[in-house]
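A look at the structure
Spelled out from the first residue to the last, the chains are:
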Amino acid sequence: MKKIFIAMAALAALVFTSCDKKETVVIRLDETVLSLVKGSTKQLKATVIPADDNASFEWFSSMPEYVSVSETGLVKAEKLYYKSPTDTDVTPVSIYCKYNGGAAECKVAVTPLAVKSISFDGLEDNRIEMSVGEDKILMIKFEPENADVDYSKLEWETDAFEYVSVQFEQGNPYAVIKAVQSGSAEITAKYSPLDPISVYVSVK
C-alpha cells in the first residue's frame with residue numbers, strides 16, 4: 001500500500017511539473033542588421049513562434065543615446081557611435097526585442113549624414129568691400145544643419161594673396177581674410193565633392 005502511495009505521488013508531481021513548464025518561445029525580427037543614416041528611422045517587425053496574435057513585445061536599446069527604439073519597435077538613428085576616439089568605422093548598437101522568455105537582437109550602425117550644400121553665413125551677396133588693414137571672418141554654413149562635417153575636406157584659397165590674404169586652421173568652419181593693399185581678390189571655399197563657392201573682395 002505504501003508503494004502504491006509513493007508511485008501515485010510521483011505521478012502527480014510529474015503531471016504538475018509538465019503543466020507548469022513553459023513552452024519555448026522563438027522571436028524573429030524582419031531585420032537583424034541595419035545601417036541607418038543619422039536622423040532616419042526604421043520600423044522593426046517581430047513575429048513569435050508558436051504564433052501568438054496577442055504577443056506584447058518589449059523593446060529596448062543597449063545605447064539609446066545613439067540608437068533609440070520606441071515601444072512599438074520604431075528605431076531611430078540618433079548619432080554616430082565610435083567605440084574608441086581613434087576609430088574611423090562606427091560601432092553598431094544592439095536593439096533587443098523580448099517576449100515571454102524569448103529574445104531577438106538587431107545590430108544597428110549609424111552612418112554619417114552627408115553635407116548637401118555650403119554657403120557663406122551672413123552674406124547677402126557674393127561681394128565684400130574692405131579697407132586696407134581690415135580683417136574679416138568668413139563663416140561657412142553647412143546644410144543640413146545637423147550634417148556630419150568632415151573639416152579635412154574644407155579648403156580655402158585666394159587668387160590674389162598680395163591684395164587679400166586668407167588664413168584658416170583645419171577643423172574650423174571659418175577663415176580669416178585680411179585686406180593687404182588696394183585691389184581685389186576672389187576668395188574660394190571648397191568642400192569636396194561639392195561645387196566651390198566664391199566671394200569677391202574689393203579693397204580700398
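The sections below set out a description of the structure shown in this document. Every value quoted in this text rests on a predicted model; they were computed, and no experiment measured them.

Moving on, we come to the overall build of the protein chain. Helices and strands together make up the secondary structure of the protein chain, namely one helix and 17 strands. Counting every position in the protein chain, which comprises 204 residues, the buried fraction comes to 30%. Counting contacts in the protein chain only where the partners sit at least 6 residues apart, residues at least 24 apart contribute 57% of the total. Counting only carbon and sulfur atoms, one obtains 52% of the accessible surface of the protein chain, whose full area is about 13,300 Å².

Moving on: the nonpolar core. If you look at soluble globular proteins, the nonpolar side chains tend to sit buried side by side. Counting residues in hydrophobic clusters, the biggest one holds 26 residues, and the most contacted among them are I27, F57, W59, V67, V75, I95 and V108. Where this core is concerned, the elements lending two or more residues are β1 (26-29), β2 (33-37), β4 (46-49), β6 (67-69), β7 (74-77), β8 (93-99) and β9 (102-111). Apart from the residues lying within four places of it in its own chain, the contact partners of W59 are L29, L44, A46, V69, S70, E71, T72, G73, I95, Y96 and C97. V164, V166, I177 and I197 belong to the second-largest nonpolar core, a separate cluster that totals 25 residues.

This part covers the packing of aromatic side chains. Enumeration according to the criterion identifies six aromatic pairs in this entry. For the pair F120 and W156, a centre-to-centre distance of 6.2 Å together with 40 degrees between the ring planes defines the contact as tilted. A residue pair is termed long-range when its members are at least 10 positions apart, and F120 in strand β10 (residues 117-120) and W156 in strand β13 (residues 154-158) qualify at 36 residues. The exposure class assigned to W156 is buried, which follows from its relative accessible area of 8%.

Analysis parameters
- Residues numbered from 1 in each chain as written.
- Predicted model: local features only at pLDDT ≥ 70, side-chain atom pairs only at ≥ 80, totals over all residues.
- Heavy atoms only, no water.
- Helix = DSSP H or I, 4+ residues; strand = E, 2+ residues; numbered from the N terminus.
- Buried < 20%, exposed > 50% of the residue type's maximum accessible area, 1.4 Å probe, protein only.
- Contact = heavy atoms within 4.5 Å.
- Areas by Shrake-Rupley, 256 points an atom, 1.4 Å probe, with all protein chains shown as cover.
- Core = buried A, V, L, I, M, F, W, Y, C linked by side-chain atoms within 4.5 Å.
- Phe/Tyr/Trp six-rings, centres within 6.5 Å; stacked < 30°, edge-to-face > 60°.

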